[in-house]
Amino acid sequence: MPINPVDLSKELVRMNTINPPGREESCARHLGVLLESAGFRIRYHTYGDTRVSLLASIGGDAAKPPLCFTGHIDTVPLGAAPWMMFTFAADTDNGRLYGRGSSDMKCGVAALTVAALNSAKHLQGTPGITLVITAGEETGCEGAFHLYRDGALDRAGAVVVAEPTSNYPFVGHRGALWLKATTRGVTAHGSMPEKGVNAVYKAARAVAKLEAFRFENAPHPLMGQATLNVGTIHGGLNINSVPDRAEIAIDIRTVPNVNHAKLIETLAAQLGADVELENLMDLEAVYTDASDAWMQTVFEVMGKLLNEQPQPRVATYFTDAAPLSMAYGNPPTVILGPGEPQMAHQTDEYCDMQRIEVAVEAYEQLIRRWCSV
Ligand SMILES: [Zn+2]
């Protein structure tokens, strides 16, 4: 009996996996049981209390690596605004399935799982597929980084990231480099500042340099120029002391021709010896040229399903594709999923149910093309 992708979406939405704390285990195991019963080889990967990612594979061929589908099962918190719809009831109205994590991205995970289940019996003796269903994406791709660092990811020849795109194929996204800059001083009584060294003054000079910073690379044709934003600044303990420490949080969004290691070196040189830089998160940009043969296949499949020839476009957010690309050696990667990108992280989040069905069809076609079945 084939599993209905909307029903599976509802089951996943009803599981509260708000991150933090995540608690993705029951969701991962629910999917694992379904996939195992269809003949998939299953591995669970745990990195903390109830933080569980799921790896599932079927088929396999030495000559050609499998096609990878990936999605995360954690969600962001609900936010302060009240919801009109129940947040975990998975209620439907007017063709929409409501709930936290519906668009971002449990409907995408349900669609890729159902496509995998429907295709399973044809995939023995073919390159096959591998599913990477991650915990902890919303807090900086933690789950995927654990998989990468632990060597748990095997190989893949191309990657489909089922994040919300309204089923429009996006050819990449910018990278994210989050840095913490710390300045240090010497504390003294606020009435005698000459006896101390003020860490906030050092931080202020650093912030001025960060505001004036200009990227030297040429802008990317689709992603434009990299950006830098100072998100927070904290310094000092009270009004009547000279602060001996200040911290600045820097959010840099990069494009494919920005080398993160070189960028950190450049910033460190410009900020000078008064500023210590610490790397909080380092995700390279993901990009596949639309002329890539597999991306052409994706465009062809989606052109027919969307009744519109796709144009090369990029997503505004970052995804698990960044750590997966590192693990798999930068295979062609598309971001393609049924959720609505503008609903991600929003109050009264929903996913259009028709799009879930179209995503299943799209994924099945991509599997058939990859595995020649
Ligand atoms: Zn997401």
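Engineer: Summarise the overall build of the protein; cite the residues concerned and give the values.
Structural biologist: The helix and strand inventory of the protein stands at 9 helices and 15 strands. Summarising its shape, the C-alpha atoms of the protein cover approximately 80 × 45 × 40 Å along the three principal directions. Counting across all 373 residues of the protein, residues that qualify as buried make up 53%. In the protein, 80% of the contacts between residues at least 6 apart in sequence involve partners at least 24 apart. By element, 51% of the accessible surface of the protein is carried by carbon and sulfur atoms, the whole surface being about 16,200 Å². Counting 30 positive and 41 negative side-chain charges, the protein places the centres of these two groups 2 Å from one another.

Engineer: With reference to specific residues and values, describe the sheet that holds strand E1 (residues 41–48).
Structural biologist: On the basis of which strands lie adjacent, the open sheet formed by 6 strands has the order E1-E2-E6-E3-E7-E14 and mixed pairing. Taken across any chain shown, the strands that pair with only one partner, and hence form the sheet edges, are E1 and strand E14 (333–335). On average, adjacent strands in this sheet sit at an angle of 15 degrees to one another, irrespective of strand direction. By the bridge criterion, 5 bridges tie strand E2 (residues 51–58) to strand E6 (residues 129–134) in an arrangement that is antiparallel. Of the residues in E6, the one forming a bridge with Ser-57 is Thr-130. The strands touched by helix H9 (residues 353–371) are strand E3 (67–72), E6 and strand E7 (158–161); relative to E3, the strand with the most contacts, the crossing angle is about 150 degrees.

Engineer: Explain the environment of Ile-233 to me, using residue names and the numbers behind them.
Structural biologist: Examined against the element boundaries, Ile-233 turns out to sit in strand E10 (residues 227–235). In the structure, Ile-233 is positioned 128 residues away from Glu-361 in sequence and 48 Å away in space, judged by C-alpha atoms.

Engineer: Describe the pattern of salt bridges, and please don't skip the residues or the numbers.
Structural biologist: Here the structure, examined in full by the defined rule, presents 14 salt bridges. Glu-24 is the partner of Arg-51 in a salt bridge, and the nearest nitrogen-oxygen pair spans 2.7 Å. Taken as a pair, Arg-51 in strand E2 and Glu-24 in the loop between helix H1 (5–13) and helix H2 (25–37) lie far apart in primary sequence, 27 residues in all. Using a relative accessible area of 0% as the deciding quantity, one classes Glu-24 as buried. Where Glu-300 meets Arg-369, a salt bridge forms, and the shortest distance between an N and an O atom there is 3.1 Å. Of the two residues, Glu-300 sits in helix H7 (residues 293–306) while Arg-369 sits in helix H9, which places them 69 residues apart along the sequence. Among the charged side chains, a salt-bridge network with shared partners connects Lys-180, Arg-245, Glu-247 and Glu-278.

Engineer: Tell me about the sheet that holds strand E11 (residues 245–254), residues and numbers included.
Structural biologist: In spatial order, the strands read E10-E11-E9-E12; together these 4 strands make up an open sheet with antiparallel pairing. Lying at the two open borders of the sheet, with one neighbouring strand each, are E10 and strand E12 (275–283). Taken pair by pair, the neighbouring strands of this sheet meet at an average axis angle of 20 degrees, ignoring direction. With respect to the sheet, helix H5 (residues 199–212) is in contact with strand E9 (175–184), E10, E11 and E12, its orientation differing from that of E11 by roughly 15 degrees. Sheet strands in contact with helix H6 (residues 260–271) are E9, E10, E11 and E12, and its direction is about 160 degrees off that of E12.

Engineer: Which residues make up helix H4 (residues 142–149), and what values go with them?
Structural biologist: Along H4, the positions that sit buried rather than exposed are Gly-143, Ala-144, Phe-145 and Leu-147. Gly-151 lies just past H4 and shows a positive phi near 65 degrees.

Engineer: Which residues make up unusual backbone geometry, and what values do they have?
Structural biologist: A cis geometry characterises the amide bond from Asn-19 onward to Pro-20, with omega recorded as 0 degrees. With respect to the secondary-structure elements, Pro-20 resides in the loop between H1 and H2. Although it is not a glycine, Asn-94 sits at a positive phi angle of roughly 55 degrees.

Engineer: Would you mind going over the side chain of Asn-198 in detail, with residue names and values included?
Structural biologist: Secondary-structure assignment places Asn-198 in the loop between E9 and H5. For Asn-198, a relative accessible area of 17% corresponds to the buried category. Separated by 2.8 Å, the side chain of Asn-198 and the backbone nitrogen of Val-200 make a polar contact. Setting aside its immediate chain neighbours within four residues, Asn-198 contacts Val-242 and Pro-243.

Engineer: Describe in detail the nonpolar core, supporting the description with residues and values.
Structural biologist: Of all hydrophobic cores here, the largest spans 60 residues; its most connected members are Leu-67, Ile-129 and Tyr-363. Ala-144, Ala-156, Phe-318 and Ala-322 belong to the second-largest nonpolar core, a separate cluster that totals 26 residues.

Engineer: Before we move on, could you go through helix H3 (residues 102–119) and cite the residues and values that matter?
Structural biologist: The end-to-end C-alpha distance of H3 is 24 Å, a good match for the 26 Å that 18 residues give at a rise of 1.5 Å each. In terms of burial, H3 is largely enclosed, as 17 of its 18 residues are buried.

Engineer: Could you give an account of the packing of aromatic side chains, with specific residues and numbers?
Structural biologist: With the rule as written, the count across this model stands at 6 aromatic pairs. Ring geometry for Trp-294 versus Trp-370: centroids 6.4 Å apart, planes at 85 degrees, classification edge-to-face. Here Trp-294 is found in helix H7, whereas its partner Trp-370 is found in helix H9, with 76 residues between them in sequence. Judged by relative accessible area, Trp-370 falls into the buried class, the value being 9%. One residue, Arg-29, lies across the ring of Tyr-44, its end atom 4.3 Å from the ring centre. In this arrangement the basic side chain of Arg-313 is found over the ring face of Tyr-168, its NZ or CZ atom lying 4.2 Å from the centre.

Here is what the cut-offs are and how they apply
Residue numbers run consecutively from 1 along every chain, following the written order of its sequence. Since the coordinates come from a predicted model, pLDDT governs what is reported: local features require at least 70, and pairs of side-chain atoms require 80 or more to be given and counted, while whole-chain, interface and lining totals use all residues. Working from all heavy atoms in the structure, the side-chain values ignore hydrogens and water. Helix and strand assignments come from DSSP, with helices taken as H or I runs of at least 4 residues and strands as E runs of at least 2, each series counted from the N terminus. Type-normalised accessible area, obtained with a 1.4 Å probe on protein chains alone, sets the label of each residue: buried when under 20%, exposed when over 50%, and partly exposed for intermediate values. Residue contacts are defined here by distance: any two heavy atoms, one from each residue, within 4.5 Å place the two residues in contact. Exposure was quantified through the Shrake-Rupley algorithm and a 1.4 Å probe, taking into account, for residues, occlusion by the shown protein chains and nothing else. Under the convention used here, Asp and Glu are negative, Lys and Arg are positive, and both His and the chain ends fall outside the count. Where a charge lies is defined by one atom per residue type, namely NZ (Lys), CZ (Arg), CG (Asp) and CD (Glu). Note: two strands are recorded as paired if DSSP finds a minimum of 2 bridges between them. The axes are straight lines fitted to the C-alpha atoms, using for helices just the contacting stretch, and the angles between their N-to-C directions are given from 0 to 180°. Between Lys or Arg on one side and Asp or Glu on the other, a salt bridge is scored when a side-chain nitrogen of the former is within 4 Å of a carboxyl oxygen of the latter. A 3.5 Å cut-off defines polar contacts: any pair of N or O atoms within that distance qualifies, except that in protein one atom must be a possible hydrogen donor and the other a possible acceptor, and neighbouring residues in sequence count only when both atoms are side-chain atoms. Put simply, a nonpolar core is a bunch of buried Ala, Val, Leu, Ile, Met, Phe, Trp, Tyr and Cys residues held in one set by side-chain atoms that sit within 4.5 Å of each other. Take the residue count of a helix, subtract one, and multiply by 1.5 Å to get its expected span. Only rings of Phe, Tyr and Trp enter the pairing, Trp through its six-membered ring, and a pair is recorded when the two centres are within 6.5 Å. The plane angle decides the type: under 30 degrees is stacked, over 60 is edge-to-face, the rest tilted. Two thresholds decide whether a charge sits over a ring: the Lys NZ or Arg CZ must be within 6 Å of the ring centre and within 35 degrees of the ring normal.

Shape descriptors only; they carry no functional weight alone.
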